[in-house]
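Reading the structure
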Amino acid sequence: INAEYMGVWDLIHNKGGIMAVRKFILYGHDGEITCLAVDSSVDLIASGSEDGSVILHSLSTGLYDRTIWHPLKSPIHNLAIVPLQGHVVVHSKVDNILRLYSINGTTLASVEVHPSIQGLTISPDSRFVITAGPHICVRWTHDLKQLTKYDTLNSNSSCVALYSDSHIMTCGTLDGSILTWIYK
């Protein structure tokens with residue numbers, strides 16, 4: 001990622017190690033790229049920018065698909081791709097609204113999140129959106145309604161990750177801690 005464009009690289013394993021070969025460069029944003037999500041299962045790269053746009057490209061070909069605009073053209077701070085559907089979850093700290101868009105750019109759901117979130121991820125089965133902030137919140141993907149939340153021990157979480165082969169959720173906090181939960 002560099003300013004308003006990003007490169008996609010193939011990693012080639014050979015006798016000398018790993019070699020990176022640039023596959024293509026993706027353009028389209030008028031402002032700096034602030035976040036990125038990639039999902040090979042739906043052949044999609046989504047990039048968010050300070051210009052308020054989310055641009056979708058094909059991962060395999062690099063071809064431009066479409067641009068989704070934040071309604072107020074506010075900077076995009078977090079985004080994730082819903083693997084089994086290709087939907088995109090987008091968040092801007094300006095209005096603190098979490099939005100779910102279809103691959104065609106239609107708004108499917110939106111919900112106000114307070115206080116602001118720092119990161120988000122999607123569960124491996126695509127059923128849940130998990131947001132990081134003062135709490136770890138688990139939301140249904142289809143309507144973004146909160147299902148449950150986990151306490152982060154008075155520390156703001158900055159990121160969250162799920163392990164696809166088990167029921168383990170981990171978050172990093174701004175004070176340097178790592179918290180782990182087992183969920184069912």
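Above this text sits the structure in question.
Along each chain, the written sequence defines residue order, and numbers are assigned to residues from 1. The predicted nature of this model means local features are confined to residues of pLDDT at least 70 and side-chain atom pairs, given and counted, to a pLDDT of 80 or more, with totals for whole chains, interfaces and linings taken over all residues. Computation of side-chain values covers all heavy atoms of the structure but excludes hydrogens and water.

Any pair of aromatic rings gets described here by the distance separating the centres and the angle formed by the planes. Any Phe, Tyr or Trp ring, taking Trp's six-membered ring, that has another such ring centre within 6.5 Å forms a pair; planes under 30 degrees apart are called stacked, those over 60 apart edge-to-face, and the others tilted. Tallied over the full model, the rule gives two aromatic pairs. Measuring from centroid to centroid gives 5.1 Å for Phe128 and Trp140, while their planes differ by 40°, and the two rings are tilted. Note that Phe128 is positioned in strand β12 (residues 128-132) and Trp140 in strand β13 (residues 135-140), a separation of twelve residues in sequence. Note on exposure labels: buried denotes an accessible area under 20% of the residue type's maximum, exposed denotes more than 50%, and partly exposed covers the range between, all computed with a 1.4 Å probe on protein chains only. Judged by relative accessible area, Trp140 falls into the partly exposed class, the value being 26%. Aromatic side chains Tyr150 and Trp181 sit 5.4 Å apart centroid to centroid with 50° between the ring planes, which places their arrangement in the tilted category. The helix and strand labels rest on DSSP assignments: H or I over at least four residues marks a helix, E over at least two residues marks a strand, and numbering proceeds from the N terminus.

Residues Ala46, Val54, Leu56, Ile76, Leu79, Val88 and Val90 are the most contacted members of the largest nonpolar core, which totals 13 residues. Of all elements in the fold, only β3 (33-39), β4 (44-49), β5 (53-58), β7 (78-82) and β8 (87-92) reach the threshold of two or more residues within this core. For this analysis, residues touch if any pair of their heavy atoms sits within 4.5 Å. Setting aside anything within four residues of it in sequence, one finds Leu79 in contact with Cys35, Leu36, Ala37, Ala46, Ser47, Gly48, Val54, Val89, Val90 and Leu120. Put simply, a nonpolar core is a bunch of buried Ala, Val, Leu, Ile, Met, Phe, Trp, Tyr and Cys residues held in one set by side-chain atoms that sit within 4.5 Å of each other.

Each pocket or cavity is described by its volume, and for the second largest pocket that value is around 160 Å³. If you trace the second largest pocket, you find it lined by Leu79, Ala80, Ile81, Pro83, Leu120, Thr121, Ile122, Ser123 and Pro124. Elements represented by at least two residues in the lining of the second largest pocket include exactly β7 and β11 (119-122). For this classification, the nonpolar set comprises Ala, Val, Leu, Ile, Met, Phe, Trp, Tyr, Cys and Pro, the charged set comprises Asp, Glu, Lys and Arg, and every other residue, Gly included, is treated as polar. Here the residues of the lining of the second largest pocket sort into seven nonpolar, two polar and no charged. A 1.4 Å probe that fits into a set of points on a 1 Å grid over the protein atoms alone but cannot get out defines a cavity; an open set with protein on both sides within 12 Å along at least five of seven lines defines a pocket, and lining residues are those with an atom within 4 Å of a point. Grid points are joined across faces, edges and corners, and a volume is the space filled by probe spheres set on the points.

With that out of the way, let us pick up the sheet that holds strand β14 (residues 146-151). Overall, antiparallel pairing links the four strands, which are arranged β11-β12-β13-β14 in an open sheet. Each edge of the open sheet is held by one strand with a lone partner, namely β11 and β14. Here the average twist between neighbouring strands, direction ignored, is 20°. Here, a strand pair is defined by DSSP locating no fewer than two bridges between the strands. As paired strands, β12 and β13 are joined by four bridges and run antiparallel to one another. In the strand pairing of β13, Phe128 is matched with Trp140. Throughout, an axis means a line fitted to C-alpha atoms (over the contacting stretch in the case of helices), and angles, computed between N-to-C directions, take values from 0 to 180 degrees.

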